[in-house]
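The residues making up each chain are set out below.
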Amino acid sequence: DQQVKQNSPSLSVQEGRISILNCDYTNSMFDYFLWYKKYPAEGPTFLISISSIKDKNEDGRFTVFLNKSAKHLSLHIVPSQPGDSAVYFCAASGSGSSNTGKLIFGQGTTLQVKP
Amino acid sequence: ETGVTQTPRHLVMGMTNKKSLKCEQHLGHNAMYWYKQSAKKPLELMFVYNFKEQTENNSVPSRFSPECPNSSHLFLHLHTLQPEDSALYLCASSQDSQGGIGETQYFGPGTRLLVL
């Protein structure tokens, strides 16, 4: 039973255009969501996060949107750059005894930004 | 450079070997984690330590034995592993493991393990 899902295994966009990566979750107890970026042969690097009290968080070219009613979040990268090519993981955590300290990850989406 | 280091970066071992993975964090965090990433699967949490105490064992087989001598160091002792244990093993740390809003984990580069 996968609580965090990234249904698109890959995404290809042109340099300068917008990249939109999507993530769905099933557990309504999740209250903190994160995006990580991973290059080959490296560990995941924290990119941006959002708490459930917000619906948008922006950091430079990266914006995360949260739709709690739909249990959906998305990461927008604009403009996309070739250096953004990596695997992007969505992760969620929640307060409450069953989730304390746990990050639940999606399967990842491989983004390719073409020059 | 995330402030979390792991050694070795690559490891090949036979099923009868005993080896250890090491993780060190320089972030002043109190919680440390072991994750496993197999091909085409999400990262799977294995163990959580908070202030040197194990707070989570995610039904991990006993051939994986963690050790946390202090808040900065975490080990994963391996013995009699199986080929299906071949994976990327990632260590992470966070301020503490109480979870909830604002708890960001920072990852090391991982150890790529191959069990023959």
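Please refer to the structure placed before this passage.
Residues numbered from 1 in each chain as written. Chains lettered and ligands numbered in written order. Predicted model: local features only at pLDDT ≥ 70, side-chain atom pairs only at ≥ 80, totals over all residues. Heavy atoms only, no water.

Caption draft 1: Local environment of the interface of chain A and chain B. Taken residue by residue, the interface counts 23 residues in chain A and 24 residues in chain B. The junction of chain A with chain B conceals about 1,800 Å² of combined surface from both sides, 62% of it contributed by carbon and sulfur atoms. Connecting chain A to chain B are zero salt bridges. Across the contact surface, chain A and chain B share three residue pairs in polar contact (both at pLDDT 80 or more). Breaking the side of chain A that touches chain B down by element, the ones donating at least two residues are strand S4 (30-38), strand S5 (45-51) and strand S9 (86-94) of chain A. Among the elements that take part in the side of chain A that touches chain B, S4(A) stands out by supplying five residues, more than any other. Along the lines of polarity and charge, the residues of the side of chain A that touches chain B split into nine nonpolar, ten polar and four charged. (Contact = heavy atoms within 4.5 Å. Buried area = accessible area lost by both parts, 1.4 Å probe. Salt bridge = Lys/Arg side-chain N within 4 Å of Asp/Glu carboxyl O. Polar contact = N/O pair within 3.5 Å; in protein donor to acceptor, adjacent residues only side chain to side chain. Helix = DSSP H or I, 4+ residues; strand = E, 2+ residues; numbered from the N terminus. Nonpolar A, V, L, I, M, F, W, Y, C, P; charged D, E, K, R; others polar.)

Caption draft 2: Just the side chain of B:Ser94, in detail. Residue and element names in this part refer to chain B. If you trace the backbone, Ser 94 turns up in strand S9 (residues 87-94). For Ser 94, a relative accessible area of 0% puts it in the buried group. With sequence-adjacent residues up to four places away left out, Ser 94 is seen in contact with His 29, Asn 30, Ala 31, Tyr 33, Glu 103, Thr 104 and Gln 105. (Buried < 20%, exposed > 50% of the residue type's maximum accessible area, 1.4 Å probe, protein only.)

Caption draft 3: Inspection of the pattern of salt bridges at higher detail. All chains considered together, the criterion is met by two salt bridges over all chains. One salt bridge connects A:Asp84 with A:Arg61, and the closest N-O pair in it is separated by 2.8 Å. Placement of A:Asp84 in the loop between strand S8 (72-77) and S9 and of A:Arg61 in the loop between strand S6 (56-59) and strand S7 (62-67) is noted, with a sequence separation of 23 residues between them. Residue classification places A:Asp84 among the buried residues on the basis of a relative accessible area of 2%. Measuring nitrogen to oxygen at the nearest pair gives 2.7 Å for the salt bridge that ties B:Asp85 to B:Arg63. Placement of B:Asp85 in the loop between strand S8 (73-79) and S9 and of B:Arg63 in the loop between strand S6 (53-57) and strand S7 (64-70) is noted, with a sequence separation of 22 residues between them. Residue B:Asp85 is classed as buried on the basis of its relative accessible area of 2%.

Caption draft 4: Structural context of the sheet that holds S8(B). Residue and element names in this part refer to chain B. Across the sheet, which stays open at both edges, the four strands sit in the order S1-S3-S8-S7 with antiparallel pairing between neighbours. Across the chains shown, the open sheet's two edge strands, defined by having one partner strand only, are strand S1 (4-7) and S7. Strand-to-strand twist of the sheet, defined as the mean angle between neighbouring strand axes without regard to direction, takes the value 20°. Relative to strand S3 (residues 18-25), S1 is paired through four bridges, and the arrangement is antiparallel. Along S3, the bridge assignment pairs Thr 5 with Glu 24. (Pairing = 2+ DSSP bridges. Axes fitted to C-alpha atoms, helices over the stretch in contact; angles between N-to-C directions.)

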